[in-house]
Structure formats: C-alpha cells, structure tokens
Amino acid sequence: MDDAHLPDSILIVDFGSQVTQLIARRVREAGVYSEIAPFSQAEEAFHRLKPKGVILSGSPAGVPEDGSPRAPEMLFEAGIPILGICYGQQVMSHQLGGEVRPGHETGEGGEFGRAFLTVTKDCALFDGLWQVGERHQVWMSHGDKVTKFAPGFEIVAISDGAPFAVIADEERKFYGTQFHPEVVHTPDGGKLIANFVRHVCGLAGEWTMAAYRETKVREIREQVGDGKVICGLSGGVDSSVAAILIHEAIGDKLTCVFVDHGLLRLNEREQVETMFRDHYNIPLVVVDAEDMFMSGLEGVTDPEAKRKFIGKTFIDVFEAEAKAVGGADFLAQGTLYPDVIESVSFTGGPSVTIKSHHNVGGLPERMNMQLVEPLRELFKDEVRELGRELGLPDMFVGRHPFPGPGLAIRIPGEVTKERCDILRKADAIYLDEIRKAGLYDAIWQAFAVLLPVKTVGVMGDYRTYDSVCGLRAVTSTDGMTADVYPFDAAFLTGVATRIVNEVQGINRVVYDYTSKPPGTIEWE
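Residues numbered from 1 in each chain as written. Predicted model: local features only at pLDDT ≥ 70, side-chain atom pairs only at ≥ 80, totals over all residues. Heavy atoms only, no water.

Asker: Help me out: how do you make sense of the overall build of the protein in this one?
Answerer: Looking only at helices and strands, the protein features 17 helices and 20 strands. A globule of 524 residues ought to have a C-alpha radius of gyration of about 24 Å, and the protein, at 26 Å, matches this closely. The dimensions of the protein, computed from C-alpha atoms along their principal axes, are 80 × 60 × 40 Å. The 524 residues of the protein split such that 55% are buried. Pairs at least 24 apart in sequence give 74% of the contacts found in the protein among residues at least 6 apart. Accessible surface computed for the protein: about 22,600 Å², of which carbon and sulfur atoms make up 49%. In the protein, which carries 51 positive and 76 negative side-chain charges, the distance between the mean positions of the two groups comes to 3 Å. (Helix = DSSP H or I, 4+ residues; strand = E, 2+ residues; numbered from the N terminus. Rg over C-alpha atoms; globule rule 2.2 N^0.38 Å. Buried < 20%, exposed > 50% of the residue type's maximum accessible area, 1.4 Å probe, protein only. Contact = heavy atoms within 4.5 Å. Areas by Shrake-Rupley, 256 points an atom, 1.4 Å probe, with all protein chains shown as cover. Lys, Arg positive; Asp, Glu negative; His and termini not counted. Charge placed at Lys NZ, Arg CZ, Asp CG, Glu CD.)

As structure tokens, then:
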C-alpha cells in the first residue's frame, strides 16, 4: 500500500513462527490494518508504517541461544503499546532487564498444547473479557520460560507450567502472553488481540474492504497515469478481482487476455466471457489456443514436463497477444499477501523469488513492464470479501482453487482432448452434486481425476472396458495441510452412479482418502 495512503496500523514483528500470519489475520478481523515485517527489517517497517502498536511474534528459536533474534531497541522507546506473544514475551522481558531460562534448567520442562491459566489481577488486556479468579483455556507451545520479569512488569495470570503466563506493564502499555492467542485453540484469543488493538492502542477498527477499495482505486490511478495495463486472466478469483478493481480505477486503459488452453472446466470460458464482457464491459481478448497446447502435450506423461510446457506456452501466447493489442506499460497480477510474506527471509538473508505459480511469472522483465498488484496486502478470504464489495456473484467469488495447468495435472499420463472432455463432464457432475447437497462452501477444494487405468465393467448385457474416475475433496485453511472431507456413503454412491451413467468412457469411480501430508491435494 502506498505510504501516503496507509491507514492506522499495527506492526507485527516476525521472529520466524509458523503462525505469525494468524496474528495478522486476528488483527484485521478486529477491523485494524496490520503488516508483518521480519525482525531484521522491523525498524525500517516501523518508520514507513508509523504504527499505533506493535506485536512481537513467537519463534522456533530460544532467547538463551547464541545468535537468537532480538527486537530493535527503538520499539521499546517509541512510546506505543507492545504485545509480546510466547518468544515475543520472552525477548521483551530479556531486553528490558528480565531473565529467560531453558525449561530443562528450571527442572520444569516445557508446556505444549492445551493449558489452563488463572487470572490473578486485572489489566487492560482483559477488559470486559476475563475477571480475577477465572480459569481459561489457552494454547501453549514453549520450552523456555521467563523466570524473572523486567522492572515495571507484574504477573496478571498464571498457569501450572508458566508462572508468568501473562505479564503487564500498564504504565508503558507493554503486555506479554506465554500462550498463543492467535490460534483457534485459545478460544478467547481473537478477543484478547482485539482488546489490544482497539482498547489498548485506541484504534477504532474502521479498516474495511470499502475503505481498501477506495484507497486502491486512487493508488492505481496515480501509478498508471496515462499508461496502459494488460492483465492475464486465469478465470480464478484473484486475477478476476484484480482486473475488476483496476478497471474501476482506469476503465478502458485495461485490457484483459484470457488464454483458453483446452484444459478448463466445463463452460468456464463462456462464464468468463459473459462476466467480463457483458456484465462489467471490460475489454477482453480471448485466445483459442487449444490445438497448440494439445499438440505440445502429445506423448508427455511426466507431471513436471507438463507444468513446464504449459507455463512456457502460456507466456509465449500471452506475450504475442499483448503485442497484438499494442503493448502495455504495466502488467497486472493477482499477487496475495502470503506470497509477499513467503518471499522474504525472516532472518534477513536474501529474499527468495515469489512463488512460481503466477501464470505470468517472468513477463515483466521480458516485456519491460512495471507490475500493478492491487491485492498484495490481502489474504485469500479478504480477496473474496473485496470481490463481493465489487459486486461479483457469490458463486464466482467462492470458487474452489483451480491450478494454473488446469485439467492437465488431473489426468495422470498423456493428456488428450478426448480425455479432457471425459474429465470435464465427470467433474461437473461431482461439483453439481456437492452444490445440491449444500456442501460446496464447507469444502476447500473438490475435483475429479481421470486415471490412466481401465477396468472391466458390466452395463446392461454388455462388457465394458473403460477408465476409472477418482474423486477428491479436502478441508483446509491455507492449502498447506488438508484433511479428507468425510462424505457419507450414500452421497458417494449417488455421485458414482451419475458419473457412470452419464459419462461415456468411465465405468468405475473411487474416492481418495489421503490427507496432506503425506499426499498433495492435486494428484500431480
């Protein structure tokens, strides 16, 4: 977000915790803008953001370890509230004059998993939420512990394994929790973080998607000026929301290019054309490249070879179309905040390249264009919320993720037009039944796979020898881990019956019960 348009915010200093992103989510759920910065870049981020409060994250490191990370001293001298979580509590205590020791030295060990703390004293963090004498469930995950708190602090809650479960310096508005309030296993954790950002830091909680939309429209206009923008549409939520927001800002200076590689879901091309041309009146170039992709995939069975061919060919086609429409000064991408966070090393080392799943990766350098990335401060669910704010229908905004290589990685073995057509029909039936059952929004991702296996079957009085269709459905919060969706047998039987009866070329249906890990969500 442009420095000139930054809202009141909270800076989250990342010490390498696996759940730091959840802190940002909880702050934003309280209606307050937040950004994450690795501890090595926290001072720079502080001067840029001018936050009204700071949260120090957890860490896999231990404060007593040589070389373990520290917070910039200037944060403690800035006169604004600070909340330290787990390692954040320990490093704050250590840097302000307290003592932290490894659990094995104290003879008490660590504390992991569900725990119960007792409130021993009132503090602003607990206002309207926890009372003295009450016991509350929290989630602990620490080996080290504070054994002596810093001057000015006092204990306000204890647990069996953490005598300093919550500490507070009310005068400086510094607070530390040994537990993790950002995870769902601490039932009141979100409310505690909301108390910190709203009551302690004094923020009104007015950061909304409507405000974000207004700010971004202004920023895009300032960035683009009289230039032209080209956007590669995948048909997915991110690129679609980015395109509609940019069009609101600059109108016909935006041209969208949609490449139909023949690997799309049933009727997907028509749906994209209808929405962008008819509903939003956005200039749209549709490229029919099915023959090019199918001929190039002929005989290719290795999953990585498929991905590389599809990615390279997409870029070649997109680049040719961009030149055909007269070129552009800017390239629009649907980069999200997790991509940005993951591209930075929290230790301060060289950052890694933003993940290669972006369909138009590599194009800005080749075509000498600047990037327009209006979603780079948002999480996936916030993009969906922005889509609704922009008027996209729920059926489109809430779509399950769909991979860039499309159906090619849901057809193990060789990809052909015939096999794509068979899979398209089976997949449409499966999703139709899921929607009819009211289960679509409860599932992170569901899809059919056409296996390179044929089995004998009997249909009527005839012997068949046709393909096997695999069904996959998972629940997840971020796609990093996933559990199998527990359909009942009657549902799966009904789907299998429809697919076998309605899709010529399939005579057997199986369900994939593998979680992630050890499996991946997609099959290839």
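Asker: Teacher, can you tell me more about the pattern of salt bridges here?
Answerer: Should their charged atoms come close, side chains of opposite charge can pair. One pass over the structure, following the stated rule, counts 29 salt bridges. In this structure, the salt-bridge partner of Asp 288 is Arg 269, at a minimum N-O distance of 3.9 Å. With Asp 288 in strand β14 (residues 284-288) and Arg 269 in helix α9 (residues 268-279), this residue pair connects regions lying 19 residues apart in the sequence. Looking at Asp 288, the relative accessible area reads 55%, which means it is exposed. One salt bridge in this structure joins Glu 373 and Arg 376, with 2.7 Å as the shortest N-O distance. For Glu 373, a relative accessible area of 13% puts it in the buried group. (Salt bridge = Lys/Arg side-chain N within 4 Å of Asp/Glu carboxyl O.)

Asker: Got a minute to help me understand the pairing of strand β4 (residues 82-85) in this structure?
Answerer: In the case of a regular strand, side chains alternate between the two sheet surfaces. Burial along β4 is two-sided: the face carrying Ile 82 and Gly 84 and the face carrying Leu 83 and Ile 85 are both buried. One ladder, built from three bridges, connects strand β3 (residues 53-56) with β4; its direction is parallel. Each bridged residue has a counterpart across the sheet, and for Ile 55 the counterpart in β4 is Leu 83. (Pairing = 2+ DSSP bridges.)

Asker: Can you help me understand helix α11 (residues 303-324) in this one?
Answerer: Spanning 22 residues, α11 covers 32 Å between terminal C-alpha atoms, matching the ideal 32 Å at 1.5 Å per step. Listed in full, the buried residues belonging to α11 are Lys 306, Ile 310, Thr 313, Phe 314, Ile 315, Val 317, Phe 318, Glu 319 and Ala 322. One or two positions beyond α11, positive phi appears at Gly 326, with a value near 100°. (Expected span 1.5 Å × (residues − 1).)

Asker: Where do I start with the sheet that holds strand β16 (residues 370-372) in this structure?
Answerer: Sheet strands pair by backbone hydrogen bonding; their relative direction is either parallel or antiparallel. Taken in spatial order, the five strands line up as β14-β13-β12-β15-β16 in an open sheet, and their pairing is parallel. At either end of the open sheet lies a strand with only one pairing partner, and these are β14 and β16. Here the average twist between neighbouring strands, direction ignored, is 25°. Pairing of strand β13 (residues 254-260) with β14 involves five bridges; the strand directions are parallel. Bridge pairing links Phe 258 to Val 286 in β14. Against the sheet, helix α7 (residues 209-224) engages β12 (229-233), β15 (330-332) and β16, with an angle of about 165° to β16. (Axes fitted to C-alpha atoms, helices over the stretch in contact; angles between N-to-C directions.)

Asker: Please explain the side chain of Glu 522 as it appears in this structure.
Answerer: As for its placement among the helices and strands, Glu 522 is situated in the segment after β20 (506-511). With a relative accessible area of 11%, Glu 522 lands in the buried category. Engagement of the side chain of Glu 522 in a polar contact is seen with the side chain of Arg 410, the distance being 2.8 Å. Among residues more than four places away in sequence, those in contact with Glu 522 are Pro 403, Ile 409, Arg 410, Gln 445 and Phe 447. (Polar contact = N/O pair within 3.5 Å; in protein donor to acceptor, adjacent residues only side chain to side chain.)

Asker: Where do I start with the layout of surface pockets in this structure?
Answerer: Here the second largest pocket defines a volume of roughly 470 Å³. Around the second largest pocket sit 16 residues that line it, and Leu 266, Gln 271, Met 395, Arg 399 and Arg 435 are the ones nearest its centre. A per-element tally of the lining of the second largest pocket places helix α16 (residues 417-436) first, with six residues. Of the residues belonging to the lining of the second largest pocket, the class tally is seven nonpolar, two polar and seven charged. (1 Å grid on protein atoms, 1.4 Å probe; cavity = no way out; pocket = protein on both sides within 12 Å on 5 of 7 lines; lining within 4 Å. Points joined across faces, edges and corners; volume = space filled by probe spheres on them. Nonpolar A, V, L, I, M, F, W, Y, C, P; charged D, E, K, R; others polar.)

Asker: Can you help me understand unusual backbone geometry in this one?
Answerer: The bulk of non-glycine residues show a negative phi, and the bulk of peptide bonds are trans. Here Lys 516 and Pro 517 are connected by a cis peptide whose omega angle stands at -15°. Within the secondary structure layout, Pro 517 lies in the segment after β20. Put simply, Pro 517 and Pro 518 share a cis peptide bond, and its omega is 15°. Along the chain, Pro 518 falls in the segment after β20. At Lys 50, a position not held by glycine, the phi torsion is positive, near 50°. Position of Lys 50 relative to the elements: it lies in the loop between α2 (42-49) and β3. Judged by its relative accessible area of 60%, Lys 50 is exposed. At Lys 173, a position not held by glycine, the phi torsion is positive, near 60°. With respect to the helices and strands, the residue Lys 173 is situated in the loop between β10 (166-169) and β11 (174-177). Of the residues examined, Lys 173 reaches a relative accessible area of 37% and is grouped as partly exposed.

Asker: Looking at this model, I keep getting lost on the state of the cysteines. Mind explaining?
Answerer: Linking two cysteines covalently through their sulfur atoms gives a disulfide. Counted according to the given criterion, the structure contains zero disulfides. With no disulfide of its own, Cys 256 lies closest to Cys 231 among cysteine sulfurs, the gap being 4.6 Å. Counting only cysteine sulfurs, Cys 469 is the nearest neighbor of Cys 420, a cysteine outside any disulfide, at a range of 14 Å. For Cys 420, a relative accessible area of 0% gives the class buried. (Disulfide = S-S within 2.5 Å.)

Asker: Just to check I follow, could you spell out the side chain of Asp 238 for this structure?
Answerer: When you line up the elements, Asp 238 lands in helix α8 (residues 237-250). The exposure class assigned to Asp 238 is buried, which follows from its relative accessible area of 18%. Ignoring any residue separated from it by four or fewer positions in sequence, one finds Asp 238 in contact with Gly 334, Leu 336, Leu 375, Lys 380 and Val 383.

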